[in-house]
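So the chains spell out like this:
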Amino acid sequence: MALRDDAITRNGRLLRMRRVGFTFEYFAESSKRLRTWGMVLLGVSGGLWIWFAVLLFTPYTADQARGNSAPCESPFFTDRRDANVLAAEGSPCVAERDWPELLAVLGASMPTTIAGTAVLTAGSISIRLNRHMSEVVDALTERDNSPS
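Criteria and thresholds
- Note that residues are indexed from 1 along each chain, following the sequence as it is written.
- In view of the model being predicted, local features appear only for residues whose pLDDT reaches at least 70, and side-chain atom pairs are presented and counted only at 80 or more, with totals across whole chains, interfaces and linings using the full set of residues.
- Side-chain calculation: all heavy atoms of the structure are included, whereas hydrogens and water are not.
- In this text, helices come from DSSP runs of H or I with a minimum length of four residues, and strands from runs of E with a minimum of two, each type numbered from the N-terminal end.
- It only takes one pair of heavy atoms within 4.5 Å for two residues to be counted as in contact.
- A 1.4 Å probe and the Shrake-Rupley method give the accessible areas. Residues count as covered only by the protein chains that appear here.
- Only protein chains enter the calculation, and the probe is 1.4 Å; a residue is then buried if its accessible area is under 20% of its type maximum, exposed if over 50%, and partly exposed in between.
- By this definition, two strands are paired if DSSP reports at least two bridges between them.
- In plain words, nonpolar cores are sets of buried Ala, Val, Leu, Ile, Met, Phe, Trp, Tyr and Cys residues tied together by side-chain atoms within 4.5 Å.
- Multiplying 1.5 Å by the residue count of a helix minus one yields the expected span of that helix.
- For every residue, the predictor assigns a confidence score, pLDDT, that lies between 0 and 100.

**Student:** Sorry, what's going on with the overall build of the protein here?
**Tutor:** Per the secondary structure count, the protein includes four helices and four strands. In the protein, the share of contacts with a sequence separation of at least 24, taken over all contacts with a separation of at least 6, comes to 58%. Approximately 10,600 Å² of the protein is accessible, and the part contributed by carbon and sulfur atoms is 60%.

**Student:** Looking at this model, I keep getting lost on the pairing of strand β4 (residues 69-72). Mind explaining?
**Tutor:** Both faces of the sheet carry side chains from a regular strand, because those side chains alternate between them. The alternating pattern of β4 places A70 and C72 on a buried face and S69 and P71 on a face that is not buried. Direction of pairing for strand β3 (residues 60-63) relative to β4: antiparallel, over a ladder of four bridges. What sits directly across from Y60, in β4, is C72. Between β3 and β4, which pair antiparallel one after the other, the connecting turn spans five residues, and G67 there sits at a positive phi close to 90°.

**Student:** Could you clarify how one ought to interpret the nonpolar core in this entry?
**Tutor:** Within soluble globular proteins, side chains that are nonpolar tend to cluster in buried spots. Core analysis: the biggest nonpolar cluster contains six residues, these being L48, F52, L55, L56, L102 and V105. Every element with two or more residues in this core is listed here: α1 (20-57) and α4 (99-145). Looking at which element gives the most residues to this core, the answer is α1, with four residues. Filtering out sequence-adjacent residues up to four positions away, L55 remains in contact with P75, R97, E101, L102 and V105.

**Student:** Any chance you could explain the environment of F76 here in plain terms?
**Tutor:** By secondary structure assignment, the location of F76 is in the loop between β4 and α2 (83-89). For the pair F76 and T58, spaced 18 residues apart in the sequence, the C-alpha separation amounts to 8.5 Å. If we skip the residues at most four places from it in the chain, F76 touches L56 and F57.

**Student:** Where do I start with α4 in this structure?
**Tutor:** Residue pairs three or four apart in sequence face the same way in an α-helix, which turns once every 3.6 residues. Here α4 contains 47 residues, and its C-alpha end-to-end distance of 69 Å stays within 8% of the 69 Å for a straight helix at 1.5 Å per residue. Within α4, burial applies to L102, V105, S109, T112, G116, G123, S126, I127, N130, V137, L140 and D144.

**Student:** Would you mind showing me how to read the confidence of the model for the protein here?
**Tutor:** One rule of thumb: low pLDDT means the predicted coordinates there are not for detailed reading. Scored by pLDDT, the protein comes out at a mean of 76, with 72% of its residues at no less than 70. Confidence drops under a pLDDT of 50 for residues 1-7, and excluding neighbours within four residues, the segment shows 22 contacts in the predicted structure.

**Student:** So what exactly am I meant to see when it comes to the side chain of S31 here?
**Tutor:** Tracing the backbone through its elements, the reader meets S31 in helix α1. Setting aside residues up to four positions removed in sequence, S31 forms contacts with G123, S126 and I127.

Structure (structure tokens):
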């Protein structure tokens, strides 16, 4: 029994699929779109991690009231034990890069990382499933069209 364009047979069962080629192409395109969005979200997350690293590891300057700027050490490489020592000394560096700002940048990367990982994984698995189903359909078509 030869397969029609809109049917797949297996063990005497007839499974109907409309426009098999169109369905596989559409599924492949939507899967690639999912994977691309996953990569974009992971790129945004990577950008947030880079921003966090820059804020944490680079020295900076803080503006003072008289228009001068004071050089400040990076929060990671400071010799002081914590920000409260700097605040007690009246340092202008305390307000410029405080830990809550750094942790907010790090926290903002978490949803994009989780969503990006999920969407990228779903897109990649969908692409693999599409390729597998396409090969199964081709194998069934060849088997049913071969002279027995």
